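Spelled out from the first residue to the last, the chains are:
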Amino acid sequence: MKVLGIETSCDETGIAVYDSVSGELSQRLYSQVEKHREYGGVVPEIASRDHVARAAPLVTDILQEIGAIGDIDAIAYTRGPGLIGALMVGANLARGLAWAMQRPLLGVHHMEGHLLAPLMATEKPDFPFVALLVSGGHTLLVDARAIGDYRILGETLDDAVGEAFDKTAKLLGLPYPGGPQLAALADQVASSRFDFPRPMTNRPGLEFSFSGLKTAALVLVQNETPLDDSTRSEIAYAFQRAVVDTLRIKCERALEATGYADLVIAGGVGANRLLRAELKRACEARGARAWFPALEYCTDNGAMIAYAGAQRLAAGQVDEAVHDVLPRWSLESLPALQG
Ligand code: KG4
Ligand code: ZN
């Protein structure tokens with residue numbers, strides 16, 4: 001079964017075709033990051049307009065590569081959560097294609113796409129597992145029992161972890177989105193004379209809060225200004241350490257609470273090298289295993305949407321003909337697959 005996936009929830013236009021029989025994947029990814037950089041963050045109107053310009057040509061391109069367009073069995077698109085205008089571009093394109101090609105249409109939850117991305121690999125974890133979803137807009141710990149059967153164990157009370165990375169990176173003078181560049185800066189030193197708190201780790205619970213860490217970074221940057229290169233690196237190092245320690249502690253608690261032996265990490269921040277190394281080590285130390293998607297499937301992409309759509313199609317789920325995008329949409333409200 002071949003599913004065309006369309007992702008336009010934020011600032012990446014991701015188009016992919018996933019073949020559930022061969023596991024083969026073709027994809028196109030266009031990042032708008034350069035267009036938003038001068039504004040220091042994603043500008044929704046620019047995002048929508050750019051998706052309009054890019055999405056349809058990328059679909060044409062990928063369908064030409066596939067050859068037989070008639071081989072596409074269904075169209076999956078990101079229905080939410082995300083920027084409403086950006087979502088509508090992908091949804092309308094998907095709807096038009098589904099109608100013209102007379103194929104079923106599947107509205108996919110963006111975070112389910114992230115959560116299932118590690119399952120695209122040949123070696124993959126079985127359900128149930130704990131999922132840590134860490135992106136620019138979300139920080140969630142999920143008890144994933146089956147596809148569609150998710151319980152949120154904890155989430156952020158304020159900023160998402162990617163957002164905290166990006167805001168702190170901005171304080172250090174790094175261009176948007178600064179998360180990966182802050183990580184690269186941190187890697188330039190082996191220690192730091194600074195230390196940040198590990199928020200909400202000294203009391204029980206699986207909630208997160210990253211806004212205090214961002215404020216601590218602001219105060220430190222102000223105190224240390226003008227910043228020399230090594231001070232910038234040491235602040236980045238201490239910040240990254242504090243975030244990674246906090247995420248690790250909560251993941252350990254979630255594994256403890258559920259009794260599960262598998263931890264799946266997904267979302268853009270899942271590309272962070274220190275996070276990957278620390279979670280791998282922490283899992284091994286307790287006889288558990290950490291699973292990560294390939295780096296290219298950590299950040300937003302069409303493949304994860306095509307994959308999630310294929311799973312739902314295989315289980316017989318087809319959405320209603322009437323579609324609306326859902327800028328806010330709880331992962332817990334999804335229908336579980338009947339297998
Ligand atoms: O999942 P994603 O591509 O988009 C959203 O759905 O938000 O995640 C993007 C986020 C950004 O905040 C970006 O700075 C962060 O992931 N990110 C990283 C790294 N790579 C991406 N943060 C820290 N270290 C990285 N290596
Ligand atoms: Zn995402």
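Above this text is the structure in question.
Everything quoted here is computed from the prediction, not taken from an experiment.

Student: Lay out the site of ligand 1 with the relevant residues and their values.
Tutor: The environment of ligand 1 is made up of 18 residues, and the closest members are Gly136, Asp166, Gly268, Asn272 and Asp300. Contacts to ligand 1 include glycine 179, whose backbone N or O atom sits 3.3 Å from an oxygen atom. Secondary structure elements with two or more residues in the shell around ligand 1: helix H4 (110-116), helix H5 (161-171) and helix H6 (179-186). Sorting elements by how many residues they give to the shell around ligand 1 places H5 first, with three residues. Among the residues making up the shell around ligand 1, the classes are represented as five nonpolar, eleven polar and two charged.

Student: Please give an account of the coordination of the zinc ion (ligand 2) that cites residues and values.
Tutor: Protein-derived coordination of the zinc ion (ligand 2) comes from His110 (NE2), His114 (NE2) and Asp300 (OD), at a distance range of 2.0 to 2.1 Å. With four donor atoms in place around the zinc ion (ligand 2) and angles of 92 to 147° between them, the coordination shape is irregular. One chain supplies every donor to the zinc ion (ligand 2), and in sequence these donors are spaced H-x3-H-x185-D. With histidine 110 and histidine 114 both in helix H4 and four residues apart, the pair spans about one turn of that helix.

Student: How would you explain the sheet that holds strand S4 (residues 72-80) if you had to name every residue and give the values?
Tutor: Taken in spatial order, the five strands line up as S3-S2-S1-S4-S5 in an open sheet, and their pairing is mixed. With one partner strand each, in any of the chains shown, strand S3 (25-31) and strand S5 (105-109) form the two edges of the open sheet. With direction set aside, neighbouring strand axes in the sheet form an average angle of 20°. Sheet topology note: the S4/S5 ladder contains five bridges and is parallel. Across the sheet, the residue bridging to tyrosine 77 is glycine 107, located in S5. Lying over the sheet, helix H3 (residues 84-101) contacts strand S1 (2-7), S4 and S5, oriented at roughly 160° with respect to S4. Seen against the sheet, helix H10 (residues 303-314) touches S1, strand S2 (12-19), S3, S4 and S5 and runs at an angle of roughly 135° to S1.

Rules of the game
Residues numbered from 1 in each chain as written. Chains lettered and ligands numbered in written order. Predicted model: local features only at pLDDT ≥ 70, side-chain atom pairs only at ≥ 80, totals over all residues. Heavy atoms only, no water. Near = heavy atom within 4 Å. Polar contact = N/O pair within 3.5 Å; in protein donor to acceptor, adjacent residues only side chain to side chain. Helix = DSSP H or I, 4+ residues; strand = E, 2+ residues; numbered from the N terminus. Nonpolar A, V, L, I, M, F, W, Y, C, P; charged D, E, K, R; others polar. Donors = N, O, S within 2.8 Å, 3.2 Å for Na, K, Ca; no water. Tetrahedral: all angles 85-135°; square planar, octahedral: opposite > 155°, others 65-115°. Pairing = 2+ DSSP bridges. Axes fitted to C-alpha atoms, helices over the stretch in contact; angles between N-to-C directions. Contact = heavy atoms within 4.5 Å.

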